[in-house]
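Report on the structure
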Amino acid sequence: MKKKRIVIGNWKMNPSNLADAKKIFSRIKQLSSDVTGQLVICPPAPYLYALVSSYKGKKIAFGAQDAYWQNSGSLTGYLSPTMMESSGAKYLIVGHSERREIAGEAPDVIAKKVLAGVEAGLTIVLCTGEKVRDRNADYLISIKEDLRECLKKIDKRMMAHVMIAYEPVWTIGGREAMSPQDIHGMTIYIRKVLTEIYDKQISDATQILYGGAVNVENVTDIVKDGEIDGLLVGRDSLVPENIIQIVTVANGK
Ligand code: PGA
């Protein structure tokens, strides 16, 4: 049986206006009719509801790129997980390296966001990954600690609503993804960490995605040898032909 892999497109702070977002989405929608496999589009929050309302199909789901860990309050400019959910999001990206870097988000805050997102009924795409690779492989320890911290409020039952996106920060926005063999090594390692935190059953059941410079050129090899359950795609998710091709390859064609 062909393995189904989820593809999550993170549009980040793009495009710069709603009209362009609608154009890109409408082309993705058109192309998706011949494709099998789950695609999730995470547009900027102000576009979410408009795109959700324009789509009646089942192949594309929507996600939010971030949300705060409270559902209401005097929090100017913040957006809550229940706002995202009620605007049509099914998924929530948490702990992306750009939020860690730009907004200074620490694992303690990420842990609260993971819990709040699960409680709002969202599936969490928890991002983790090392900034650099050192010779002593200390990055393995930092990934383990990061996962422990970020998942500290999540019990076994809630893990059914969490997937892990491994994203080596040094590949994000770059030209080259990590080698499929190294990706495979990291998925094994992350499963080991999840077994330590929870148990083997939870570890086996958790979807592990890869993200970082995934594109139409490298996706075939990543899918073939990376042992991943899905992909988190930045830049190429804004190019309709490319993201649809990635979904096609990810689902064995
Ligand atoms: P990229 O971004 O595909 O543009 O490298 C990946 C990400 O940030 O998730």
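Rules of the game
Residues numbered from 1 in each chain as written. Predicted model: local features only at pLDDT ≥ 70, side-chain atom pairs only at ≥ 80, totals over all residues. Heavy atoms only, no water. Near = heavy atom within 4 Å. Polar contact = N/O pair within 3.5 Å; in protein donor to acceptor, adjacent residues only side chain to side chain. Areas by Shrake-Rupley, 256 points an atom, 1.4 Å probe, with all protein chains shown as cover. Nonpolar A, V, L, I, M, F, W, Y, C, P; charged D, E, K, R; others polar. Core = buried A, V, L, I, M, F, W, Y, C linked by side-chain atoms within 4.5 Å. Buried < 20%, exposed > 50% of the residue type's maximum accessible area, 1.4 Å probe, protein only. Contact = heavy atoms within 4.5 Å. Salt bridge = Lys/Arg side-chain N within 4 Å of Asp/Glu carboxyl O. Pairing = 2+ DSSP bridges. Helix = DSSP H or I, 4+ residues; strand = E, 2+ residues; numbered from the N terminus. Axes fitted to C-alpha atoms, helices over the stretch in contact; angles between N-to-C directions. Arc of directions from axis to C-beta.

**Section: the site of the ligand**
Neighbouring the ligand are the residues Lys12, His96, Glu167, Ile172, Gly173, Gly212, Ala213, Leu232, Val233, Gly234 and Arg235. Backbone polar atom of Ala213 to an oxygen atom of the ligand: 2.8 Å apart, as the coordinates give it. A distance of 2.7 Å is found between an oxygen atom of the ligand and a side-chain nitrogen or oxygen belonging to Arg235. The fraction of the free accessible surface of the ligand (280 Å²) that becomes covered by protein chains is 99%. For the shell around the ligand, the per-class residue count stands at four nonpolar, four polar and three charged.

**Examining the nonpolar core**
A general feature of soluble globular proteins is that nonpolar side chains tend to end up buried together. With 68 residues, the main nonpolar core has Leu126, Leu151, Ile154, Val162, Tyr210 and Leu231 as its most contacted residues. The residues touching Tyr210, leaving out its near neighbours within four places in the chain, are Tyr166, Pro168, Thr171, Ala177, Met178, Ile183, Ile222, Ile228, Gly230, Leu231 and Leu232. Membership of the second largest hydrophobic core comes to 13 residues, among which are Ile8, Cys42, Ile93 and Met163.

**Focus on the pattern of salt bridges**
This model, assessed by the stated rule, comprises 20 salt bridges. Notably, a salt bridge pairs Glu105 with Lys113, separated by 2.6 Å at the nearest N-O pair. Classification of Glu105 as buried rests on a relative accessible area of 8%. Between Lys152 and Asp108 there is a salt bridge, and its shortest N-O distance comes to 2.7 Å.

**Topic: the sheet that holds strand 3 (residues 60–64)**
As summarised here, the arrangement of the eight strands in space is 1-2-3-4-5-6-7-8, forming a closed barrel in which the pairing is parallel. Between one strand axis and the next, the sheet turns by 25 degrees as a mean value, whatever way the strands run. Direction of pairing for strand 2 (residues 39–42) relative to strand 3: parallel, over a ladder of three bridges. Among the inter-strand pairings, Ile41 is bridged to a residue of strand 3, identified as Phe62.

**Observations concerning helix 2 (residues 45–53)**
Buried within helix 2 are the following residues: Tyr47, Leu48, Leu51 and Val52. Buried residues of helix 2, viewed axially, fall in a sector of 130 degrees; they line one side. Summarising the geometry of helix 2, the exposed residues directed more than 90 degrees from the buried face are Pro46 and Tyr49. If you follow the buried residues of helix 2, they end up packed against helix 1 (18–32), strand 3 and helix 3 (81–86).

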